[in-house]
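An overview of the molecular structure
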Amino acid sequence: LRSMPGLGGVDPFRNVQATYRETPIFISAVDPSVLQKYTRFGWLKGGDENWEPVKNGAVIISESFFRRFGTKAGDRIVLNGAHGPAELRVAAVFYDYTSEHGVVMMARSAYLQIFGDPTINSLGIFLDADAPRRPELLEEVRQRAQSRGLTVYNRDQLHGSILSVFDSTFAVT
């Protein structure tokens, strides 16, 4: 997909459950350059410049991780990697409501080095807003994914799916 002319960015996303201080957390591997360009995270302090240290091996943590462990930007955390403990500097704290346990997010390159796990959970495909062949690119991505038995959602479909899950969850409550 990265070789397709006209695509703005591809983010191979990996999310795994791990433990930190004997407590369950999630570790996410992303492409910080792509996310910096195409997404807007909410930050406890600062803005998109918080991605720069992540490109060089630092991590960002979710607000729930920050509150649960008292860890803040500038602190160091130690994760159990495939080859032993890995000490990582926390660059920033971001708002995230996907996990009450906490999330440590890092560059995919750092994740591969620490954990040696090349698996991905999903791909985020981003098109520039002014991409001239936008409909054709989207259709080509869809065809490539479907030929491999993969599901494709555009942003509106993904948001609708997420809202449906929230609605059904709160309907029970």
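Just above sits the structure.
Residues numbered from 1 in each chain as written. Predicted model: local features only at pLDDT ≥ 70, side-chain atom pairs only at ≥ 80, totals over all residues. Heavy atoms only, no water.

Considering the pattern of salt bridges
What counts here: In the sections that follow, a salt bridge refers to a side-chain nitrogen of Lys or Arg positioned within 4 Å of a carboxyl oxygen of Asp or Glu. Summary of the burial criterion: residues with accessible area below 20% of their type's maximum are buried, those above 50% are exposed, and those between are partly exposed, where the area comes from a 1.4 Å probe applied to protein chains only.
Taken as a whole and judged by the stated rule, the model has nine salt bridges. Residue Asp75 pairs with Lys72 through a salt bridge whose shortest N-O separation is 3.4 Å. Among the residues examined, Asp75 registers a relative accessible area of 22% and is labelled partly exposed.

Digging into helix H5 (residues 134-146)
Quick note on the threshold: Starting at the N terminus, helices and strands are each numbered in turn, a helix being any DSSP run of H or I of at least four residues and a strand any DSSP run of E of at least two. For a helix, the expected span equals 1.5 Å multiplied by the number of residues minus one. In this description, the arc belongs to the directions extending from the helix axis to the C-beta atoms. Contacts: residue pairs with any heavy atoms within 4.5 Å of one another.
Counted at 1.5 Å a residue, the expected span for H5 with its 13 residues is 18 Å, and the 18 Å between its end C-alpha atoms agrees. For H5, the set of buried residues is Leu137, Val141 and Ala145. Taken around the axis of H5, the buried residues stretch over an arc of 70°, which confines them to a single face. Pointing more than 90 degrees away from the buried face of H5 are the exposed residues Pro135 and Gln146. Where H5 is buried, its residues contact strand E1 (7-20) and strand E7 (122-127).

Section: the nonpolar core
We count it as follows: By nonpolar core we mean a set of buried residues, namely Ala, Val, Leu, Ile, Met, Phe, Trp, Tyr and Cys, connected to one another through side-chain atoms within 4.5 Å.
Within the largest apolar cluster, 22 residues are counted, with the highest numbers of intra-cluster contacts made by Ile25, Ile27, Phe65, Ile77, Leu79, Val104 and Met106. Those elements that place two or more of their residues in this core are E1, strand E2 (23-30), strand E3 (59-62), helix H3 (63-69), strand E4 (76-81), strand E5 (84-94), strand E6 (103-107) and helix H4 (108-115). Among residues more than four places away in sequence, those in contact with Leu79 are Tyr20, Ile25, Ile27, Gly84, Pro85, Ala86, Leu88, Val104, Met106 and Phe115. Val34, Trp51, Ala58 and Ala91 belong to the second-largest nonpolar core, a separate cluster that totals 15 residues.

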